[in-house]
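# Structural features, examined
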Amino acid sequence: MNVNLYPIKEFKLPIVAECINPDVFKGKSLKEVEALEVWEGNKQKRLGELFKVEGENVEGAKEAPVITVHGDVSRVRRIGAGMKSGEIVVKGDAGMHLGEEMRGGKITVYGNVLGWAGSMMKGGTIEIYGNAGDYLGSPYRGSTEGMKGGKIIVHGNVGREVGAHMKKGIIKIYGCAGQFVGFRMRGGTIYVQKDCEARAGACMVDGTIVVGGHIESVMPTFTIEGLRKKVKIEESEVVETPFYLFIGDLTENGHGRLFVAKGPNPHLNHYERFL
């Protein structure tokens, strides 16, 4: 079951379209899908006014359809927000709040994604083949409701404050990450395969952060626990190289685990005299 969406024009204003959701499309005819409400700036419109809708007749379908969005939708926000099942594929860039409060299903983006992707996520999988903006998997500013489950995979780089207030789930980044990875983290796992900017794990209480590349420094509120030969990211992925293990953030009485690869970080060798 497939539904294809094609932007009719180049969007100049923000589009809010949380209706692009397999659970919403389920059981609807194409005319009913076209009639779903979206916002373009401050004007309410129908989905069919902004997107050409193609696909099989989904009326009466028992399973949530696969939605494929073709083209640049970087100004379209809240795609897949709250989705519980089905699949969304975006063949281009996507806008802010992709998969916000997602509970199940899968979203795949073959492009870049702006901020707050997977915000307050509870389940399901988001896979991004380009870069992701700031606040990946993090809540709105002022909220403490971080990611509670699910998986986010980014094959490119990410911005700052990845996984802030995170409680469960896993975030894997195969590029580089900005400052404050795992800020106020309380559980779950964040893996940064390449370089990571400063202040990783600031104010974290629990959880695991793994940095496989260079990190400028480890915060002074972390203490070294030892050396490890390898680190398990998840059942199917183990990184076999020497890692420093730091515990913190001690200012929060935290016992979070920060693994930093030894090879790319010779400037951290002085910690070894405390072992």
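Cut-off values and rules
- Residues numbered from 1 in each chain as written.
- Predicted model: local features only at pLDDT ≥ 70, side-chain atom pairs only at ≥ 80, totals over all residues.
- Heavy atoms only, no water.
- Helix = DSSP H or I, 4+ residues; strand = E, 2+ residues; numbered from the N terminus.
- Rg over C-alpha atoms; globule rule 2.2 N^0.38 Å.
- Buried < 20%, exposed > 50% of the residue type's maximum accessible area, 1.4 Å probe, protein only.
- Contact = heavy atoms within 4.5 Å.
- Areas by Shrake-Rupley, 256 points an atom, 1.4 Å probe, with all protein chains shown as cover.
- Lys, Arg positive; Asp, Glu negative; His and termini not counted.
- Charge placed at Lys NZ, Arg CZ, Asp CG, Glu CD.
- Polar contact = N/O pair within 3.5 Å; in protein donor to acceptor, adjacent residues only side chain to side chain.
- Phe/Tyr/Trp six-rings, centres within 6.5 Å; stacked < 30°, edge-to-face > 60°.
- Pairing = 2+ DSSP bridges.

### Some details on the overall build of the protein chain
- What the protein chain contains, in helices and strands, is three helices and 19 strands.
- For the protein chain, the C-alpha radius of gyration of 20 Å lies close to 19 Å, the compact-globule estimate for 275 residues.
- Structurally, the protein chain occupies a C-alpha span of about 70 × 35 × 30 Å along its principal axes.
- The buried share of the protein chain, reckoned over its 275 residues, is 51%.
- Restricting to contacts in the protein chain with at least 6 residues of sequence separation, those with at least 24 account for 40%.
- When the accessible surface of the protein chain is summed, it comes to about 12200 Å², and 46% of that surface belongs to carbon and sulfur atoms.
- Averaging the locations of the 36 positively and 33 negatively charged side chains of the protein chain gives two centres separated by 2 Å.

### Brief notes about the side chain of Glu100
- Take Glu100: it is sitting in the loop between strand E8 (87-91) and strand E9 (106-109).
- Here His97 takes part through its side chain, which lies 2.9 Å from a polar atom of the side chain of Glu100.
- The contacts of Glu100, once residues within four sequence positions are left out, are Arg78, Gly80, Ala81, Gly82, Ser119, Met120 and Tyr140.

### Here we look at the packing of aromatic side chains
- Counted under the stated rule, the structure contains nine aromatic pairs.
- Arranged with centres 5.0 Å apart and planes meeting at 10 degrees, the rings of Tyr110 and Tyr129 form a pair that is stacked. With Tyr110 in the loop between E9 and strand E10 (125-128) and Tyr129 in the loop between E10 and strand E11 (148-154), this pair connects stretches of sequence that are 19 residues apart.
- Using a relative accessible area of 47% as the deciding quantity, one classes Tyr110 as partly exposed.
- Ring geometry for Phe246 versus Tyr271: centroids 4.9 Å apart, planes at 80 degrees, classification edge-to-face. One end of the pair, Phe246, is in strand E18 (residues 243-248); the other, Tyr271, is in the segment after strand E19 (256-261), and 25 residues separate them in sequence. With respect to burial, Phe246 and Tyr271 carry one shared label: buried.
- Among the aromatic residues, those joined into a ring-pair cluster are Trp116, Tyr135 and Tyr140.

### With respect to the sheet that holds strand E7 (residues 76-77)
- Taken in spatial order, the four strands of this open sheet run E4-E3-E2-E7, and their pairing is mixed. Where the open sheet ends on each side, the last strands, each with one partner, are strand E4 (43-46) and E7.
- Where strand E2 (residues 15-16) and E7 come together, two bridges link them in parallel fashion. Note on E7: the bridge partner recorded for Val16 is Arg77.

### Quick word on the pairing of strand E13 (residues 189-192)
- What you see with E13 is no split at all: Thr189 and Tyr191 on one side and Ile190 and Val192 on the other are buried throughout.
- Inspection of the sheet shows strand E12 (residues 168-173) paired to E13 by four bridges, in the parallel sense. Residue pairing across strands places Lys172 opposite Tyr191, the latter belonging to E13.
- Direction of pairing for E13 relative to strand E14 (residues 208-211): parallel, over a ladder of four bridges. Looking at E14, one finds that Ile190 is bridged to Ile209.

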